[in-house]
Every structure is written in structure tokens, then in C-alpha cells.
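Here's the letter readout for the chains.
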Amino acid sequence: MNKRKTQIVVMMVLGIFLTLTALAAAANYKPDGDERKGKYLYRKNCLSCHDGSKAKELYANTKTQAQWKSSFKRHERFECKKQWEKRSKQDLIDIFTYLYKHAYDSPQPAKCG
Ligand code: HEC
């Protein structure tokens, strides 16, 4: 391989690597946000529907930690994805943190907040 080809290959590998890292970061929520803020944000932005009025009742203890993880990963498929898109990434991390830490199989399961 000549030098130019090597450069192109290196650039391509780097490009693929960066894309994958970005995708992984977008898909995986970690419970390292602000739990208290998440609780507030969930009540304010989600519970208006998810108290059983316009959508299924959904509280932190409705799902297990694994179920919250997978829900957050594929929220683009939910009917309310527009509501999610209105929130910043950090808001969603905070909401996730609250729901995850009070999930059904967490040490402190919580209904209502
Ligand atoms: C305008 C009303 C509305 C708002 C606000 C809303 N949702 Fe939803 N959501 C729905 C509806 C309708 C569905 C689909 C039917 C159902 O689950 O009742 C749904 C589905 C879901 C589901 C999948 C249902 C399941 O059992 O897994 C999750 C999770 C969810 N919403 C979370 C949220 C979160 C988190 C927020 C706040 C960022 C939110 N929703 C805000 C109406 C809403």
C-alpha cells in the first residue's frame, strides 16, 4: 500500500469508529442524571397523559429497570415521540434516572413520584 491509500484507510476507519461511538451514546441511557429534576420533569411533561387519562398509567414502578432501559432506547416508536423530542437530551437523562432508580425491581420502587 502506498502512503495515500494508507491515509484513506485510516480516515475511513476513524470515520466508522466515530459514527459508532455517536450511535452508542445516543442509544444508551445511564442513570447518572439528576433524579430530583427527573421526577419534576416527569410529572410536568409526561404524567399529564400517563396518569391514565390520555395514555396508559405509567409510574416508575410500572416497569423494571431493564424495561425502562429498553423503553428509552426505542422511544422513537412510541405514539408520544413528539413529546420526547420537545425535551432536551439532558432532560431525558434526568427523567430516565428518576424512573430507573425507582423502578419495580429497584431498592425504592415508587408510584406517583
Ligand atoms: C400527549 C400525551 C402524552 C404525553 C405528554 C406523553 N405520552 Fe407517552 N404515550 C402516550 C400515548 C397515547 C402512548 C401510547 C398508548 C399508551 O401507552 O397508552 C404513549 C406511550 C408511551 C410509552 C410506551 C408504553 C409502554 O407501556 O411502554 C412510554 C414508555 C411513554 N409513553 C413514556 C412517556 C414519557 C417518558 C413521557 C414524557 C417525556 C411521555 N410518555 C409523554 C401519550 C403521551
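Above this note sits the structure.
Report on the accompanying structure. (Residues numbered from 1 in each chain as written. Predicted model: local features only at pLDDT ≥ 70, side-chain atom pairs only at ≥ 80, totals over all residues. Heavy atoms only, no water.)

### Observations regarding the coordination of the iron atom of the ligand
Logical step 1: Protein coordination of the iron atom of the ligand is provided by His50 (NE2) and Cys80 (SG), with donor distances spanning 1.9 to 2.2 Å.
Logical step 2: Its six donor atoms give the iron atom of the ligand angles of 85 to 179° at the centre, a pattern that matches the octahedral case. Pair noted here: His50 is in helix 3 (residues 47-50) and Cys80 is in the loop between helix 4 (65-73) and helix 5 (81-86), with a separation of 30 residues, a long-range link. (Donors = N, O, S within 2.8 Å, 3.2 Å for Na, K, Ca; no water. Tetrahedral: all angles 85-135°; square planar, octahedral: opposite > 155°, others 65-115°. Helix = DSSP H or I, 4+ residues; strand = E, 2+ residues; numbered from the N terminus.)

### Structural notes on the layout of surface pockets
Logical step 1: Approximately 620 Å³ is the volume found for the largest pocket.
Logical step 2: In this structure, the largest pocket is lined by 26 residues; those nearest its centre are His50, Leu58, Phe78, Cys80 and Trp84.
Logical step 3: Per-class residue counts for the lining of the largest pocket are 13 nonpolar, six polar and seven charged. (1 Å grid on protein atoms, 1.4 Å probe; cavity = no way out; pocket = protein on both sides within 12 Å on 5 of 7 lines; lining within 4 Å. Points joined across faces, edges and corners; volume = space filled by probe spheres on them. Nonpolar A, V, L, I, M, F, W, Y, C, P; charged D, E, K, R; others polar.)

### Details of the nonpolar core
Logical step 1: Ranked by size, the top nonpolar core spans 20 residues in total, and within it Tyr42, Trp68, Phe72, Ile95 and Leu99 carry the most contacts.
Logical step 2: Broken down by secondary-structure element, the contributors of at least two residues to this core are helix 2 (35-45), helix 4 and helix 6 (89-101).
Logical step 3: The element that contributes the greatest number of residues to this core is helix 6, accounting for seven residues.
Logical step 4: If we skip the residues at most four places from it in the chain, Ile95 touches Gly38, Leu41, Tyr42, Cys46, Phe72 and Arg87. (Core = buried A, V, L, I, M, F, W, Y, C linked by side-chain atoms within 4.5 Å. Buried < 20%, exposed > 50% of the residue type's maximum accessible area, 1.4 Å probe, protein only. Contact = heavy atoms within 4.5 Å.)

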